[in-house]
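# Chain and residue survey
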Amino acid sequence: MTFGDLLNTDQLILIVCDECNARTPIDPAPHALQAGLAADISQLAPAARCPVCGSAEIALRAHSPVENRIESPAFAK
Ligand SMILES: [Zn+2]
């Protein structure tokens, strides 16, 4: 999946941490500007760290903020 694919479908990059299970969405736009729309999001993986615990044991996924709002009761208070 490329940065262009994500931007065209209004999706974010989701960093899923294997260590602490944090799921952190990040904006693909700055990375797209740097790497180009045709670059694959997997190229971020070697340098990506979990923003919560700093672990490098992460997976990158596509993430729709709209879907998350509907499916994730964890955010409802
Ligand atoms: Zn973590």
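The preceding data block contains the structure.
To start, this report covers the structure provided alongside it. (Residues numbered from 1 in each chain as written. Predicted model: local features only at pLDDT ≥ 70, side-chain atom pairs only at ≥ 80, totals over all residues. Heavy atoms only, no water.)

### Considerations on the overall build of the protein chain
Worth spelling out the cut-off: Numbering of helices and strands runs from the N terminus; a helix is a DSSP stretch of H or I covering at least four residues, while a strand is a stretch of E covering at least two. Here, residues are in contact when the closest pair of their heavy atoms is within 4.5 Å. The accessible surface values rely on the Shrake-Rupley method and a 1.4 Å probe; as for residues, cover is taken only from the protein chains in view.
Looking only at helices and strands, the protein chain has 3 helices and 3 strands in total. What you see in the protein chain, going N to C, is helices and strands ordered as α-β-β-α-β-α. A fraction of 65% describes how many contacts in the protein chain between residues 6 or more apart in sequence connect residues 24 or more apart. By element, 53% of the accessible surface of the protein chain is carried by carbon and sulfur atoms, the whole surface being about 5100 Å².

### Some words on the nonpolar core
So the rule is basically this: Among buried residues, those of type Ala, Val, Leu, Ile, Met, Phe, Trp, Tyr and Cys that are joined through side-chain atoms within 4.5 Å constitute a nonpolar core. Buried means the residue's accessible area, taken with a 1.4 Å probe over protein chains only, is under 20% of the maximum for its type, while exposed means over 50%, and partly exposed covers the values in between.
In this structure, Phe3, Ile13, Ile58 and Leu60 are the most contacted members of the largest nonpolar core, which totals 14 residues. Mapped onto this core, the elements with two or more residues apiece are helix 1 (3-8), strand 1 (12-17) and strand 3 (58-63). In this structure, leucine 60 is in contact with Ile13, Leu14, Ile15, Ile41, Leu44 and Ala45, ignoring residues within four places of it in sequence.

### Details of the coordination of the zinc ion
Worth spelling out the cut-off: In this analysis a donor is any N, O or S atom within 2.8 Å of a metal ion (3.2 Å for sodium, potassium and calcium), and since water is not included, sites may seem incomplete. Square planar and octahedral sites, with four and six donors, are those where opposite donors lie more than 155 degrees apart and all other angles lie between 65 and 115, tetrahedral sites have four donors with every angle between 85 and 135 degrees, and the rest are irregular.
The coordination sphere of the zinc ion, as far as protein atoms go, consists of Cys17 (SG), Cys20 (SG), Cys50 (SG) and Cys53 (SG), spread over 2.3 Å. One can describe the donor arrangement at the zinc ion as tetrahedral, given that its 4 donor atoms subtend angles of 104 to 115 degrees at the metal. Mapped onto the sequence, the donors of the zinc ion take the spacing C-x2-C-x29-C-x2-C. Here cysteine 20, found in the loop between strand 1 and strand 2 (23-26), pairs with cysteine 53, found in the loop between helix 2 (29-35) and strand 3; they are 33 residues apart in sequence, far enough to count as distant. Residue classification places cysteine 53 among the partly exposed positions, given a relative accessible area of 42%.

### Looking at the environment of proline 46
Relative to the assigned elements, proline 46 resides in the loop between helix 2 and strand 3. For the pair proline 46 and isoleucine 58, spaced 12 residues apart in sequence, the C-alpha separation works out to 9.4 Å.

### A look at the pairing of strand 2
Which entries qualify depends on this criterion: Paired strands are those between which DSSP finds at least two bridges.
Pairing of strand 1 with strand 2, which is carried by 4 bridges, proceeds in the antiparallel orientation. Across the sheet, the residue bridging to isoleucine 13 is isoleucine 26, located in strand 2. In sequence, strand 1 turns back onto strand 2 through a hairpin of 5 residues, with asparagine 21 there showing a positive phi of about 65 degrees.

### As for the sheet that holds strand 2
How we decide: Every axis in this analysis is a line fitted to C-alpha atoms, fitted for helices over the stretch in contact. Angles between the N-to-C directions lie between 0 and 180 degrees.
The 3 strands lie next to each other as 2-1-3, forming an open sheet whose pairing is antiparallel. Since the sheet does not close on itself, it has two edges, and those belong to strand 2 and strand 3, each with one partner. Sheet twist, expressed as the average angle between the axes of neighbouring strands with direction ignored, equals 30 degrees. Across 6 bridges, strand 1 lies against strand 3 in antiparallel orientation. Across the sheet, cysteine 17 pairs through a bridge with isoleucine 58, a residue of strand 3.

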